[in-house]
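Coordinate analysis (summary)
Given next are the chains, with one letter for each unit.
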Amino acid sequence: VDMTRPGSDPVRGLGQAAQATIGGAAIWPLDHASGVPMQLGLESPNPVPNQDVLSLGTPASLTVDRLKTILTVSFALSDSATGAVIPTRVISNMTDPNTLVPPSFVALVPLAVLSPNTTYTAAFSGTTTTLDGDVASVNRIWSFTTAAR
C-alpha cells in the first residue's frame, strides 16, 4: 500500500497535497482530486497476494497520528454516478498479509482497475484509540475522479 510523501513521486503524487484541515485524519486521494491513477501499479509486496498486483485499482486511504490506532467499522468505495459498490479489500494493521501496515493507517484496495474519467466516493467509519486509551470516532466521506486514461 502506497505511503508516498506528497510531491515525491510524479504518479502517486497526483491527488496529494497539503490538506487545509484534517480533523485528526488525512485522506488519499484528496477530496475532489482529479487525474487520479486507475491502477495500483507495481506495488511490492503485493497487498492482495492472491491477485495480480497490476489488476488492482488505486486505493483510497486514511491515516491518523502515528501514536493512535485506527479501527475500521466500515470502509466502502462506490461509483458516484451509479451508486454501484466497488469490490475491495480493506488493508490495515490487522489484515495486512505482509504485516507492514502501521496501526495508524488503513487502505481500501479495489479488486479491479478503476474506470477512466469516473468519480468515486469513499466512505470511512471507525474509531481511533490513543496510547492512554481515549477513543474517538472518525467518519469521512470524500470523492475523487480518475484520469481519462
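Residues numbered from 1 in each chain as written. Predicted model: local features only at pLDDT ≥ 70, side-chain atom pairs only at ≥ 80, totals over all residues. Heavy atoms only, no water.

1. Thoughts on the overall build of the chain
- When helices and strands are counted, the chain shows 0 helices and 8 strands.
- Listed N to C, the secondary structure of the chain is β-β-β-β-β-β-β-β in terms of helices and strands.
- Taking all 149 residues of the chain together, 41% fall into the buried category.
- Pairs at least 24 residues apart make up 63% of the contacts formed inside the chain by residues separated by at least 6 positions.
- Roughly 7800 Å² of accessible area belongs to the chain as shown, and the carbon and sulfur atoms make up 56% of that amount. (Helix = DSSP H or I, 4+ residues; strand = E, 2+ residues; numbered from the N terminus. Buried < 20%, exposed > 50% of the residue type's maximum accessible area, 1.4 Å probe, protein only. Contact = heavy atoms within 4.5 Å. Areas by Shrake-Rupley, 256 points an atom, 1.4 Å probe, with all protein chains shown as cover.)

2. With respect to unusual backbone geometry
- W28 connects to P29 through a cis peptide bond whose omega is -10°.
- Among the structural elements, P29 can be located in the loop between β1 (25-28) and β2 (33-36).
- The amide bond that connects S44 to the next residue, P45, takes the cis arrangement and shows omega of 0°.
- A positive phi angle is found at H32, which is not glycine, with a value near 70°.
- As for its placement among the helices and strands, H32 is situated in the loop between β1 and β2.
- A relative accessible area of 63% places H32 in the exposed class.
- Even without being a glycine, N117 presents a positive backbone phi close to 50°.
- Counting through the fold element by element, N117 comes out in the loop between β6 (105-110) and β7 (119-129).

3. Comments concerning the sheet that holds strand β8 (residues 135-146)
- As summarised here, the arrangement of the 4 strands in space is β2-β8-β7-β4, forming an open sheet in which the pairing is mixed. Pairing within the sheet leaves two strands with one partner each, and these edge strands are β2 and β4 (69-79). Mean inter-strand twist for the sheet, computed between neighbouring axes without regard to direction, equals 30°.
- Pairing between β2 and β8: 2 bridges, direction parallel. Bridge pairing in β8 links A33 to F144. (Pairing = 2+ DSSP bridges. Axes fitted to C-alpha atoms, helices over the stretch in contact; angles between N-to-C directions.)

4. Notes on the nonpolar core
- In this structure, L62, F75, L77, L114, F124, W142 and F144 are the most contacted members of the largest nonpolar core, which totals 23 residues.
- For this core, the elements supplying multiple residues, two or more each, are β1, β2, β3 (60-64), β4, β6, β7 and β8.
- Ignoring sequence-local partners within four residues, the contact set of L77 consists of A84, V85, I86, T88, L108, P110, L114, Y120, T121, A122 and F144.
- Residues V53, L56, V101 and A107 belong to the second largest nonpolar core, which totals 9 residues. (Core = buried A, V, L, I, M, F, W, Y, C linked by side-chain atoms within 4.5 Å.)

5. Brief notes about the environment of G57
- Within the fold, G57 resides in the loop between β2 and β3.
- Taking relative accessible area as the criterion, G57 reaches 0% and is therefore assigned buried.
- The spatial distance from the C-alpha of G57 to the C-alpha of A112 is 5.2 Å, given a sequence separation of 55 residues.
- Once residues lying within four places of it in the same chain are set aside, the contact partners of G57 are M38, Q39, L40, V109, P110, A112, V113 and L114.

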